[in-house]
Amino acid sequence: MAKLVGLDKVARIFQILKSNGGIRASLYKLYRFDDLKLGTHVGTDKYGNKYFENNMYFVGRNRWVEYAPAVGTDYDGSMVPAEWFGWLHYKTDETPIQKPPVRYAWQRDHEANPSGTADAYYPYSTTRPKVEAWVPPKK
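All values derive from a computational prediction rather than experimental measurement.

About the thresholds
- Residues numbered from 1 in each chain as written.
- Predicted model: local features only at pLDDT ≥ 70, side-chain atom pairs only at ≥ 80, totals over all residues.
- Heavy atoms only, no water.
- Helix = DSSP H or I, 4+ residues; strand = E, 2+ residues; numbered from the N terminus.
- Rg over C-alpha atoms; globule rule 2.2 N^0.38 Å.
- Buried < 20%, exposed > 50% of the residue type's maximum accessible area, 1.4 Å probe, protein only.
- Contact = heavy atoms within 4.5 Å.
- Areas by Shrake-Rupley, 256 points an atom, 1.4 Å probe, with all protein chains shown as cover.
- Lys, Arg positive; Asp, Glu negative; His and termini not counted.
- Charge placed at Lys NZ, Arg CZ, Asp CG, Glu CD.
- Phe/Tyr/Trp six-rings, centres within 6.5 Å; stacked < 30°, edge-to-face > 60°.
- Lys NZ or Arg CZ within 6 Å of the ring centre and 35° of its normal.
- Polar contact = N/O pair within 3.5 Å; in protein donor to acceptor, adjacent residues only side chain to side chain.
- Core = buried A, V, L, I, M, F, W, Y, C linked by side-chain atoms within 4.5 Å.
- Patch = residues over 30% accessible without salt bridge, like charges linked within 9 Å, V, L, I, M, F, W, Y side chains within 5 Å.
- Salt bridge = Lys/Arg side-chain N within 4 Å of Asp/Glu carboxyl O.
- Pairing = 2+ DSSP bridges.
- Axes fitted to C-alpha atoms, helices over the stretch in contact; angles between N-to-C directions.

Draft legend 1. Looking closely at the overall build of the protein chain. Within the protein chain one finds four helices and three strands. Overall, the protein chain shows an N-to-C arrangement of helices and strands of α-α-α-β-β-β-α. Whereas a compact globule of 139 residues would reach a radius of gyration of roughly 14 Å, the protein chain reaches 23 Å, over 25% beyond that. Out of the 139 residues in the protein chain, the part that is buried amounts to 24%. Taking contacts inside the protein chain between residues at least 6 apart in sequence as the whole, the part at least 24 apart equals 44%. Looking at the protein chain as shown, the accessible area adds up to about 11400 Å², and 59% of this sits on carbon and sulfur atoms. Here the protein chain contributes 20 positive and 15 negative side-chain charges, whose respective centroids are spaced 4 Å apart.

As structure tokens, then:
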């Protein structure tokens, strides 16, 4: 009967609010991620990103990452390390915690894409410009 009236949806909303830390924390998560989800915490990487899974959602939407609070709303997909990227995109069902990846001496540590930041690479040109800027005459 409660399902017919829609009370199960109201109970689910309260369950999601409770699992996200209450109304204030849920509003903050909604502001940061534009989404409120309920799921089991699968693991955390060394950068502070938290990974979740809930198989009640559709495949493709049932695994997600909540980026570290230090980045605020300025997060980007390149902040996910390769080992967790494979789990998020269903290349493997085992998390890097269950099956740690093999680390070789030649591998570098993960770095996020610095495009659009002060650390971005800007090439310089060694050729003269083909068009010279117009300089207004001095009076």
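Draft legend 2. Seen up close, the packing of aromatic side chains. Counted by the stated rule, this structure contains seven aromatic pairs. With 4.8 Å between their ring centres and 15° between their planes, Y67 and Y75 make a pair best called stacked. A connected cluster of aromatic rings, assembled from ring pairs, spans F33, Y67 and Y75. Above the ring of Y57, the side-chain terminus of K37 is found at 5.5 Å from the ring centroid.

Draft legend 3. Structural view of the environment of H110. Assignment of secondary structure puts H110 in the segment after helix 4 (82-88). In sequence terms H110 and A82 are 28 residues apart; their C-alpha atoms lie 7.7 Å from each other. In this view, H110 contacts Y47, S78, M79, V80 and P81; residues no more than four positions away in its chain are not counted. Only 2.8 Å separates the side chain of H110 from the backbone oxygen of S78, close enough to count as a polar contact.

Draft legend 4. Focus on the nonpolar core. Of all hydrophobic cores here, the largest spans nine residues; its members are F33, Y51, V65, Y67, M79, V80, W84, W87 and L88. Here this core takes three residues from helix 4, the largest share from any one element. Ignoring anything within four residues of it in the chain, the contact list for Y67 reads R32, F33, N49, Y75, D76, G77, M79 and V80.

Draft legend 5. Representation of a nonpolar patch on the surface. The grouping of L4, V5, L7, V10 and F14 at the surface amounts to a nonpolar patch, some 550 Å² of accessible area in total. The element best represented in the nonpolar patch is helix 2 (residues 7-19), accounting for three residues. Residue placement: L7 occurs in helix 2. Residue L7 is classed as partly exposed on the basis of its relative accessible area, which comes to 48%.

Draft legend 6. Local environment of the sheet that holds strand 1 (residues 40-44). Sheet architecture is open: three strands sit in the order 1-2-3, paired in antiparallel fashion. On the outer flanks of this sheet lie strand 1 and strand 3 (63-66), each paired with one strand and no other. Each strand of the sheet is rotated relative to its neighbour by a mean of 30°, with strand direction disregarded. Across four bridges, strand 1 lies against strand 2 (residues 50-53) in antiparallel orientation. Residue pairing across strands places T44 opposite K50, the latter belonging to strand 2.

Draft legend 7. Structural context of the side chain of R32. Within the secondary structure, R32 sits in helix 3 (residues 23-33). Although R32 is buried, it forms no salt bridge, and the closest oppositely charged side chain is E66 at an N-O distance of 6.6 Å. For R32, the residues in contact, after removing those within four places along its chain, are Y67, A68, P69, V71, G72, T73 and Y75.

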